[in-house]
Amino acid sequence: MKTHKLYPKLALTALFVVGGRSAAHAQYYELAQQIPNLISPALSGSMNYKGYVELTGTLGIGNDRANFVGISTSQGFQYSSWFFMGAGIGVDLVTSSLSTGRMDYGLPDYNYGYPPSMNKTKAMIPIFSDFRFTLGNPANLGFYIDIKAGATWLVGSSYLQLNNGALSNSAKFLLRPSIGFRVPTNKNNLKQAFNIGVTYQLITADNSWGYWSNNYGPTLSSLGASVSYEW
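Summarised in this report is the structure supplied together with it. Remember, predicted model here, so these are calculated numbers, not experimental data.

### Some thoughts on the sheet that holds strand 7 (residues 159-162)
The strands making up a sheet associate through hydrogen bonds between their backbones, and the pairing can be parallel or antiparallel. Here 4 strands make up an open sheet; going across it, the order is 4-7-8-11 and the pairing mixed. Looking at which strands have only one partner, the edges of the open sheet turn out to be strand 4 (118-119) and strand 11 (209-210). Sheet topology places strand 4 next to strand 7; 2 bridges connect them, and they run parallel. If you follow Asn-119 over to strand 7, its bridge partner there is Leu-160.

In structure tokens form, the structure reads like this:
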């Protein structure tokens, strides 16, 4: 091929490469410029942002009974008129219901590997994912199903004393389903409502301390009620 015929083809190829790169850089720049526009709706609430604050109280059932009173908040997005998904955090005050005299007997002298200390009342920090399903017209009385699943920890180094041992301060699995009624409070803003329902809470662990065995996995079950406000 002659050299003078090759130059136009090389020049044309270079123009395509440079033009393609320029177009790509223009697209990247445009995307970078749009990032604030994508974030601001979520921060302003126009992207179906939704929040909840909830007060819960449950009474323990079973052998290792413990009572809970707590407050939590969930933040996330309303993906449709009937489905919410988000994440939450809270704080619980837990009090164990010990059998008569258990605290007076103290620790048995024939076991080993005692926990550093044990208390009957402790604070716990739950962190969870929140899934909520709402049935009915948002303007009228409705029905909801809420499922919180995550982990919870005792605050501090001491253990929570139970009838059959003690709950350690390592992470525990948490499941908290609720069902109830949704009551709208503002006809001009249907995102605002109260929720009143019944709640079951399950906490399981396989890394706690027992009176009869150091390989102790208590299960704390409790049943109660919850009241929440959404916006």
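### Focus: the environment of Gln-161
Within the element layout of this structure, Gln-161 appears in strand 7. Judged by its relative accessible area of 5%, Gln-161 is buried. Spatially, the C-alpha atom of Gln-161 lies 9.3 Å from that of Asp-64, the residues being 97 residues apart in sequence.

### Concerning the pairing of strand 6 (residues 142-154)
Two elements, strand 5 (residues 121-135) and strand 6, share 12 bridges in a ladder whose sense is antiparallel. For Asp-130, the partnering residue across the bridge sits in strand 6 and is Lys-148. Between strand 5 and strand 6, which pair antiparallel one after the other, the connecting turn spans 6 residues, and Gly-136 there sits at a positive phi close to 110°. Two elements, strand 6 and strand 9 (residues 172-184), share 11 bridges in a ladder whose sense is antiparallel. In the sheet register, Gly-150 faces strand 9, and the bridge partner there is Leu-174.

### Considerations on the sheet that holds strand 9
Overall, antiparallel pairing links the 8 strands, which are arranged 1-2-3-5-6-9-10-12 in a closed barrel. Each neighbouring strand pair of the sheet contributes to a mean axis angle of 25°, computed without reference to strand direction.

### As for the nonpolar core
Residues Phe-68, Val-94, Met-124, Leu-167 and Leu-220 are the most contacted members of the largest nonpolar core, which totals 13 residues. Among all residues touching Met-124, those that are not within four sequence positions of it are Phe-68, Gly-90, Val-91, Asp-92, Val-94, Thr-152, Trp-153, Leu-154, Val-155, Leu-167 and Ile-203. Counting residues in each nonpolar core, the second largest holds 5 residues, with Met-118, Ala-166, Trp-209 and Tyr-211 among its members.

### Describing the pairing of strand 2 (residues 66-78)
Sheet topology note: the strand 1 (residues 49-61)/strand 2 ladder contains 10 bridges and is antiparallel. Within strand 2, the residue paired with Thr-58 across the bridge is Phe-68. What sits between strand 1 and strand 2 in their antiparallel hairpin is a turn of 4 residues, with Gly-62 showing a positive phi close to 100°.

### Thoughts on the packing of aromatic side chains
For the structure on display, the rule yields 9 aromatic pairs. Ring geometry for Phe-83 versus Phe-133: centroids 5.3 Å apart, planes at 35°, classification tilted. One end of the pair, Phe-83, is in strand 3 (residues 83-96); the other, Phe-133, is in strand 5, and 50 residues separate them in sequence. For Phe-83, a relative accessible area of 18% translates into the label buried. What makes Phe-133 partly exposed here is its relative accessible area of 29%. Taken together, a centroid distance of 6.4 Å and an interplanar angle of 75° make the contact between Phe-143 and Phe-181 edge-to-face. Here Phe-143 is found in strand 6, whereas its partner Phe-181 is found in strand 9, with 38 residues between them in sequence. Against the face of Tyr-144 rests Arg-132, its NZ or CZ located 4.6 Å from the ring centre.

### Here's the deal with the environment of Asp-64
Along the chain, the position of Asp-64 falls in the loop between strand 1 and strand 2. For the pair formed by Asp-64 and Ser-96, sequence separation is 32 residues and the distance between their alpha carbons is 7.8 Å. Once residues within four sequence positions are removed from consideration, Asp-64 is found in contact with Leu-162, Asn-163, Asn-164, Tyr-216, Pro-218, Thr-219 and Leu-220. Of note is the side chain of Asp-64, whose polar atom sits 3.4 Å from the backbone nitrogen of Asn-163.

### As for the side chain of Ser-96
Looking at the element boundaries, Ser-96 is found in strand 3. For Ser-96, a relative accessible area of 1% gives the class buried. Within polar-contact distance, the side chain of Ser-96 engages the backbone oxygen of Gln-161 at 2.8 Å. Sequence-distant contacts of Ser-96, defined by excluding residues within four places in its chain, comprise Arg-65, Ala-66, Lys-120, Leu-160, Gln-161 and Leu-162.

Thresholds applied
Residues numbered from 1 in each chain as written. Predicted model: local features only at pLDDT ≥ 70, side-chain atom pairs only at ≥ 80, totals over all residues. Heavy atoms only, no water. Pairing = 2+ DSSP bridges. Helix = DSSP H or I, 4+ residues; strand = E, 2+ residues; numbered from the N terminus. Buried < 20%, exposed > 50% of the residue type's maximum accessible area, 1.4 Å probe, protein only. Axes fitted to C-alpha atoms, helices over the stretch in contact; angles between N-to-C directions. Core = buried A, V, L, I, M, F, W, Y, C linked by side-chain atoms within 4.5 Å. Contact = heavy atoms within 4.5 Å. Phe/Tyr/Trp six-rings, centres within 6.5 Å; stacked < 30°, edge-to-face > 60°. Lys NZ or Arg CZ within 6 Å of the ring centre and 35° of its normal. Polar contact = N/O pair within 3.5 Å; in protein donor to acceptor, adjacent residues only side chain to side chain.

So far we have only geometry, and geometry alone does not tell us how the molecule works.
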